[in-house]
Amino acid sequence: MKIVVIGGSGNIGSKLVRRLGERGHDVIAASPKSGVDAVTGEGLDDVMPGTQVVVDVANSPSFDAAPALAFFENAGRNLLAAEARAGVQHHVALSVVGTDRLTASGYFRAKTRRRRS
Ligand SMILES: NC(=O)c1ccc[n+]([C@@H]2O[C@H](COP(=O)([O-])OP(=O)(O)OC[C@H]3O[C@@H](n4cnc5c(N)ncnc54)[C@H](OP(=O)(O)O)[C@@H]3O)[C@@H](O)[C@H]2O)c1
């Protein structure tokens, strides 16, 4: 399968990219370092064609409530729109266990919003 890993250069993403590659998948590690920005939308339409699965393991550069919310809302909206344009059928996003119960944290409220984007 062709699998695009958004945040593929990160802590979790780089391990995921390696493991999927070892299993023979065509894996694209997508992140600002490779010209793909989920927040601005830059590069998304270039990597999506032919993709069967998008895995979103990107993270907000800031853990403060307002910028984290802006990051996850914009990235989620742009990713789902680009996937719809390209006919991608499967979207997997990594959450954090207990996110729904950690409402005192702006970061975790933002993670919940991404799930709903
Ligand atoms: N680490 C944990 O223990 C843990 C546990 C549970 C869940 N999670 C979740 O897993 C996700 C990844 O965590 P992590 O620790 O692997 O993060 P990380 O190491 O900080 O990596 C962040 C990744 O996001 C990318 N990124 C940043 N801005 C982006 C943008 N505008 N568009 C696309 N990609 C962007 C970065 O790309 P560049 O390298 O190009 O900047 C990098 O690949 C997060 O959502 C986090 O909440 C993490």
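My aim in this report is to walk through the structure given alongside it, one point at a time. (Residues numbered from 1 in each chain as written. Predicted model: local features only at pLDDT ≥ 70, side-chain atom pairs only at ≥ 80, totals over all residues. Heavy atoms only, no water.)

**Observations regarding the environment of Ser14**
Structurally, Ser14 can be placed in helix α1 (residues 11–22). Note: C-alpha distance between Ser14 and Val54 (40 residues apart in sequence) is 14 Å. Aside from chain neighbours lying at most four places away, what touches Ser14 is Gly8 and Ser9. (Helix = DSSP H or I, 4+ residues; strand = E, 2+ residues; numbered from the N terminus. Contact = heavy atoms within 4.5 Å.)

**A short note on helix α3 (residues 65–86)**
Taking 1.5 Å per residue as the helical rise, α3 with its 22 residues ought to reach 32 Å, and the 32 Å between its terminal C-alpha atoms agrees with that figure. Following α3 by one or two positions, Gly87 has its phi on the positive side, about 75°. (Expected span 1.5 Å × (residues − 1).)

**So, the site of the ligand**
Taken together, 22 residues surround the ligand, and among them Ser9, Ser31, Asp37, Tyr107 and Lys111 come closest. Backbone polar atom of Asn59 to an oxygen atom of the ligand: 3.1 Å apart, as the coordinates give it. Contact with the protein chains covers 73% of the free accessible surface of the ligand, which is 910 Å². Secondary-structure elements contributing two or more residues to the shell around the ligand are α1 and α4 (106–116). (Near = heavy atom within 4 Å. Polar contact = N/O pair within 3.5 Å; in protein donor to acceptor, adjacent residues only side chain to side chain. Areas by Shrake-Rupley, 256 points an atom, 1.4 Å probe, with all protein chains shown as cover.)

**A closer look at the pairing of strand β2 (residues 26–30)**
Here five bridges tie strand β1 (residues 2–6) to β2, and the two strands are oriented parallel to one another. Each residue of the ladder has a partner; that of Ile3, found in β2, is Val27. (Pairing = 2+ DSSP bridges.)

**Comments concerning the pairing of β1**
By the criterion of burial, β1 is predominantly enclosed, with five of the five residues buried. Of the two faces of β1, both are covered, the one formed by Lys2, Val4 and Ile6 as well as the one formed by Ile3 and Val5. For the crossover from β1 across α1 to β2, the handedness is right-handed. Pairing of β1 with strand β3 (residues 53–56), which is carried by four bridges, proceeds in the parallel orientation. (Buried < 20%, exposed > 50% of the residue type's maximum accessible area, 1.4 Å probe, protein only. Right-handed = clockwise from strand over helix to strand, strands pointing away.)

**Regarding the sheet that holds strand β4 (residues 90–93)**
With parallel pairing, four strands are arranged side by side in an open sheet as β2-β1-β3-β4. Unpaired on one side and paired on the other, β2 and β4 mark the two borders of the sheet. Between one strand and the next, the sheet's axes are offset by a mean angle of 15°, whatever the strand orientation. The pairing of β3 with β4 spans four bridges and is parallel. What sits directly across from Asp56, in β4, is Ala93. (Axes fitted to C-alpha atoms, helices over the stretch in contact; angles between N-to-C directions.)

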